[in-house]
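Listed here are the chains, written in short residue letters.
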Amino acid sequence: QVQLVESGGGLVQAGGSLRLSCVASVSSLVMAWFRQAPGKEREFVATISWTGGSPRYSDSVEGRFTISRDNAKNSVYLQMNSLKPEDTALYYCAGGRLISTMAYHYSYWGQGTQVTVSS
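Owing to the predicted nature of the structure, the values given are computational and were not obtained by experimental measurement.

Visitor: What is the right way to read the overall build of the chain from this model?
Guide: When helices and strands are tallied, the chain shows zero helices and eleven strands. Sequence-ordered secondary structure for the chain, helices as α and strands as β, is β-β-β-β-β-β-β-β-β-β-β. A compact globule built from 119 residues should have a C-alpha radius of gyration of about 14 Å, and the chain, at 13 Å, falls within 12% of that. By principal-axis analysis of the C-alpha atoms, the chain measures approximately 40 × 25 × 25 Å. Contacts in the chain between residues at least 24 apart in sequence constitute 57% of all its contacts with a sequence separation of at least 6. Split by element, the accessible area of the chain, about 6100 Å² in all, is 47% carbon and sulfur.

Visitor: Please clarify how the state of the cysteines should be interpreted in this entry.
Guide: One pass over the structure, following the stated rule, counts one disulfide. One disulfide bridge connects Cys22 with Cys93, the sulfur atoms lying 2.1 Å from each other. The disulfide joining Cys22 to Cys93 has a torsion of about -80° about its S-S bond and is therefore left-handed. Placement of Cys22 in strand β3 (residues 18-24) and of Cys93 in strand β9 (residues 89-96) is noted, with a sequence separation of 71 residues between them.

Visitor: Before we go on, may I ask you to explain the sheet that holds β3 in this structure?
Guide: The pairing of strands in a sheet comes from backbone hydrogen bonds and takes either a parallel or an antiparallel form. One open sheet holds the four strands; their spatial order is β1-β3-β8-β7, and the pairing between them is antiparallel. Strands with a single pairing partner mark the edges of an open sheet, and in this sheet they are β1 (4-7) and β7 (65-70). When strand polarity is set aside, the average angle formed by the axes of neighbouring strands in this sheet is 15°. Sheet topology note: the β7/strand β8 (residues 75-80) ladder contains six bridges and is antiparallel. Each residue of the ladder has a partner; that of Phe65, found in β8, is Met80.

Visitor: Mind showing me how you'd approach the pattern of salt bridges here?
Guide: Between side chains of opposite charge, pairing is possible as soon as their charged atoms come close. For the coordinates displayed, the defined rule picks out three salt bridges. A salt bridge links Arg35 to Asp87, with the shortest nitrogen-to-oxygen separation between them at 2.9 Å. Here Asp87 lies in the loop between β8 and β9 and Arg35 lies in strand β4 (residues 30-36), a separation of 52 residues in the sequence. Take Arg35: its relative accessible area is 5%, and that puts it in the buried class. For Asp87, a relative accessible area of 1% corresponds to the buried category. A salt bridge links Asp87 to Arg64, with the shortest nitrogen-to-oxygen separation between them at 2.7 Å. Highlighted residues: Asp87 in the loop between β8 and β9 and Arg64 in the loop between β6 (56-57) and β7, separated in sequence by 23 residues. Each member of the pair, Asp87 as well as Arg64, is classed as buried. Each of Arg35, Glu43, Arg64 and Asp87 takes part in a single network of salt bridges with overlapping partners.

What counts as what
Residues numbered from 1 in each chain as written. Predicted model: local features only at pLDDT ≥ 70, side-chain atom pairs only at ≥ 80, totals over all residues. Heavy atoms only, no water. Helix = DSSP H or I, 4+ residues; strand = E, 2+ residues; numbered from the N terminus. Rg over C-alpha atoms; globule rule 2.2 N^0.38 Å. Contact = heavy atoms within 4.5 Å. Areas by Shrake-Rupley, 256 points an atom, 1.4 Å probe, with all protein chains shown as cover. Disulfide = S-S within 2.5 Å. Pairing = 2+ DSSP bridges. Axes fitted to C-alpha atoms, helices over the stretch in contact; angles between N-to-C directions. Salt bridge = Lys/Arg side-chain N within 4 Å of Asp/Glu carboxyl O. Buried < 20%, exposed > 50% of the residue type's maximum accessible area, 1.4 Å probe, protein only.

Here it is in structure tokens:
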């Protein structure tokens, strides 16, 4: 059974930074981050291929967030800078076989880590 475990969430002031981490129990997955705010649908944040290439970002985080991975550790990271209150959400790590911005393309999901940005 594939497991994904996120960490690194927390409370930060607007303009601050956080780094999320996700460790997978398997390798060779396309990895992505999604987020879901209360009362809203889950939305795509960023994705990265198995080789670390082809990173893609949502328009709302482009230029502020950076996705990266360390395959030796089966880990993916999300560096979040210049955080805004609207970034507040439960952030999920996801794994799959296809580079995609669509949640249904990802078969494996973590439990989520909460990010709260105060104004």
